[in-house]
Amino acid sequence: MSKREVSRREFLKGTAAGAATLAVTGILGACTSAGEPAATSEAGTTAAPETTPAPDNAPQPQQTYTYADTIVWDAEYDVVVLGIGASGCVAAKTAADEGAGVLIVEKMSEAHSGGNSKVCGQLFAYGYNDPENALTYYKALAGGRQVPEAMLKTIADGVAGMADTLAGEFGFDSKEFLDWTPIAPINNMSPEYPELPGSEKIGLWTTHQGISDGYLYTSLKQRVLDRKDRIDIWYESPAQELIQDPQSKAVIGVKVARGGSVRNVRALNGVVVCTGGFEDDAEMVQHYLNLIDYAPIGGLYNTGDGIKMCQKLGADLWHMTAYEGGFGLGGTSFYVNEGENASQIQVLTQGPLNTGSCILVGTDGDRFLNESEVVRHGHLYDNGLWVNPHFPEKMFLMFDQTQYELIEAESAIPERFKGDVKAFDTIEEAAGAIGCSGEQLAGTIEDYNSFAKNGKDYACGRKPEFMRAFDGAKYYIIQLKCEILNTQGGPKRNENAEILDTAGNPIPHLYSAGEMGGITCEMYQGGTNIAECIIFGQIAGRSAAAPKEALPTYEHAVPVESSPKKLGDETDAGQEKVQDYQLGEHEYVGTGTGMNGSVTVKVTMDGDAIGSVEVLEHSETDGIGTLAIDGMTEKFKGLSTAEEIDGVDTVSSATITSKALQEAVKDALSQIK
């Protein structure tokens with residue numbers, strides 16, 4: 001059969017149809033007029049195979065464009081960072097310092113942003129400038145699990161020099177740093193595994209005298225706000241999907257939901273995913289961790305968004321079964337409502353809820369862990385390793401009359417949970433409430449009484465000084481649930497903070513930092529997640545800011561017009577709304593920056609001194625920040641200078657809010673002419 005000749009009209013018709021199809025479908029692999037697959041040149045341009053030179057009157061080759069040229073972009077930055085936790089703040093600041101224009105997109109409002117970074121203990125792991133020792137320790141923490149040597153060295157080097165990094169590159173005052181090793185009960189985690197090699201030079205530090213007050217996070221966030229010349233922020237703007245070039249596989253942007261529409265945001269040099277873990281996604285927790293009745297200790301919004309986005313691009317996953325739990329009674333909480341933070345029990349200590357005639361049983365009436373063990377981020381000792389315990393579907397704390405009186409004397413059960421305590425005259429009645437047989441529960445108590453009397457717990461290894469036999473007078477039970485502080489798993493990354501695909505290759509222009517895909521695979525040293533936010537936040541920021549090679553071009557790509565917003569055109573940073581308050585004579589309004597946003601006060605002067613302070617607006621956390629708001633305003637009465645205001649005693653559990661009030665009062669005084 002002879003070869004069919006193609007007419008010039010057919011050639012033009014085919015070319016036009018092909019270009020139209022490519023424009024509609026977005027599939028931009030070029031083809032020849034005869035439908036043959038295209039070849040890629042060394043320069044990255046998709047070109048047609050070699051053919052006989054065209055006559056002079058043949059149509060000229062179509063101009064080539066990149067895949068990015070075919071997308072209508074609504075905004076354009078050098079670097080886009082997903083999430084404004086500690087790692088996101090560090091990545092954004094670092095990229096800005098490298099000269100990049102940066103956008104941070106955050107799914108929550110400013111008041112609810114920050115993830116675990118804002119509500120964690122604010123402690124960082126420090127290796128006292130001994131990277132070799134730190135490497136030995138972190139290898140031991142892996143418990144024989146395979147972790148790339150380069151990754152272990154990166155984390156060890158970073159932890160060893162963390163104090164210097166925070167002081168030298170983030171402006172913290174090293175004179176305020178505090179080593180918590182000698183201070184109880186934090187000394188139980190500094191180091192957390194003193195029996196492991198290398199532990200002698202591992203400690204937990206803070207950047208000031210205080211813990212669980214948001215200080216480290218809010219300071220890092222302030223470094224971002226200080227760079228508003230190079231960094232824009234979009235709150236209430238969740239990232240939905242990463243945009244990838246189909247040929248090079250480079251990530252070139254992200255789809256962001258904002259203001260009722262989805263915007264295409266171009267990332268010229270890189271996207272950094274800092275969206276945290278999946279501890280707040282019940283389905284992911286069920287599948288990866290096998291837990292169904294749990295409460296989160298940290299933030300409430302880490303739902304694995306970044307993990308899912310990266311999975312769509314073929315990212316490999318690691319450490320998906322690793323998580324950190326609570327700090328008392330085996331890592332359990334009182335029975336909080338769904339969507340509420342855990343309420344921890346007997347944190348890092350022994351007391352009336354985990355010693356004496358007090359046992360923890362599951363739905364079959366059996367004990368399943370050492371109730372008195374001081375857990376290590378939820379980990380309990382098991383045959384050479386410290387591992388997360390296997391929790392039953394439901395669990396109940398059971399104690400006798402003697403123990404009940406001790407619990408009451410020490411107010412060990414918060415008022416809101418006292419109604420959950422049920423009293424029974426017999427073991428059979430208690431067993432009915434648990435859902436197990438009376439015979440089974442009676443056997444458990446009989447065994448425990450024997451262990452207590454003989455000083456040897458053959459079931460769970462509880463020490464004799466922490467056991468006492470049940471008195472038999474009465475039986476009490478209260479239902480509990482397990483806790484999750486944070487997950488460690490996510491897309492696998494390398495020492496350059498690049499996210500890897502399932503073949504082990506970096507996905508171009510895609511980086512990560514923080515909790516999502518952390519290095520911890522087995523045992524966890526407290527403060528490592530914060531350190532990892534700093535270490536890989538810096539690496540990811542520098543890597544993403546670095547200029548990249550040009551994207552490949554396509555002969556039949558159809559470009560579109562875009563007018564993307566650029567750095568400084570649209571930002572929520574420093575854009576807090578200011579109310580137009582009606583003020584009387586001698587009344588002044590001031591603002592300060594709290595944990596969750598602005599704190600606004602009205603100061604009424606009585607002569608030259610403050611007569612009263614009223615808090616007009618705030619977004620601080622109920623029961624934490626509100627302790628300062630409720631307890632400090634009276635302390636400003638009679639003061640008249642900034643020095644006196646700075647001298648007011650702050651509320652130790654609400655340091656950031658306390659300082660925000662001081663800042664707001666001073667701001668109000670500055671309005672006086």
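Scroll up a little and you will see the structure.
As the structure is a prediction and not an experimental result, all values here were calculated from the model.

1. Quick look at helix H5 (residues 149–160)
With twelve residues, H5 should cover 16 Å at 1.5 Å per step; its first-to-last C-alpha distance of 16 Å lies within 8% of that length. All of the buried residues along H5 are Met151, Leu152, Thr154, Ile155, Ala156, Gly158, Val159 and Ala160. Contacts from the buried residues of H5 go to strand E6 (124–126), helix H4 (131–141), helix H6 (162–170), strand E14 (317–318) and helix H13 (528–545).

2. As for helix H10 (residues 401–409)
Taken together, the buried positions of H10 are occupied by Gln401, Gln403 and Ile407. In a view along the axis of H10, the buried residues occupy a sector of 155°, so they form one face of it. As for H10, its buried residues are in contact with strand E17 (358–362), strand E20 (395–400) and strand E22 (475–484). Near the N-terminus of H10, the side chain that reaches the backbone nitrogen of Thr402, with its oxygen 3.3 Å away, is that of Asp400. At the C-terminal side of H10, Ser411 shows a positive phi close to 50°.

3. A look at the sheet that holds strand E8 (residues 203–206)
Taken in spatial order, the three strands of this open sheet run E6-E8-E7, and their pairing is antiparallel. Every interior strand has two partners, whereas the edge strands, E6 and strand E7 (178–179), have only one. Both E7 and E8 contribute to a ladder of two bridges, which runs antiparallel. Bridge pairing links Leu178 to Thr206 in E8.

4. A closer look at the packing of H6 against H13
With their axes 11 Å apart at the nearest point, H6 and H13 run at an angle of 55° to one another. Between H6 and H13, the crossing angle belongs to the class labelled oblique. Viewed along their axes, H6 and H13 form a crossing whose handedness is left-handed. When H6 is examined against H13, the residues Met162, Thr165, Leu166, Glu169 and Phe170 are found in contact with a partner set consisting of Ala531, Ile534, Ile535 and Gln538. Of the residues contributing to the contact of H6 with H13, the split by class is six nonpolar, two polar and one charged.

5. Some words on the environment of Met467
Structurally, Met467 can be placed in the loop between helix H12 (438–454) and E22. In this structure Met467 comes out as buried when scored by relative accessible area, which is 8%. For the pair Met467 and Tyr448, spaced 19 residues apart in sequence, the C-alpha separation works out to 8.5 Å. If we ignore the near neighbours within four places in the chain, the residues touching Met467 are Gly356, Tyr448, Phe451, Ala452, Gly455, Lys456, Asp457 and Arg462.

Rules behind the numbers
- Residues numbered from 1 in each chain as written.
- Predicted model: local features only at pLDDT ≥ 70, side-chain atom pairs only at ≥ 80, totals over all residues.
- Heavy atoms only, no water.
- Helix = DSSP H or I, 4+ residues; strand = E, 2+ residues; numbered from the N terminus.
- Expected span 1.5 Å × (residues − 1).
- Buried < 20%, exposed > 50% of the residue type's maximum accessible area, 1.4 Å probe, protein only.
- Contact = heavy atoms within 4.5 Å.
- Arc of directions from axis to C-beta.
- Polar contact = N/O pair within 3.5 Å; in protein donor to acceptor, adjacent residues only side chain to side chain.
- Pairing = 2+ DSSP bridges.
- Axes fitted to C-alpha atoms, helices over the stretch in contact; angles between N-to-C directions.
- Parallel < 35°, antiparallel > 145°, perpendicular 65-115°, else oblique.
- Left-handed = near helix turned anticlockwise from the far one by under 90°.
- Nonpolar A, V, L, I, M, F, W, Y, C, P; charged D, E, K, R; others polar.

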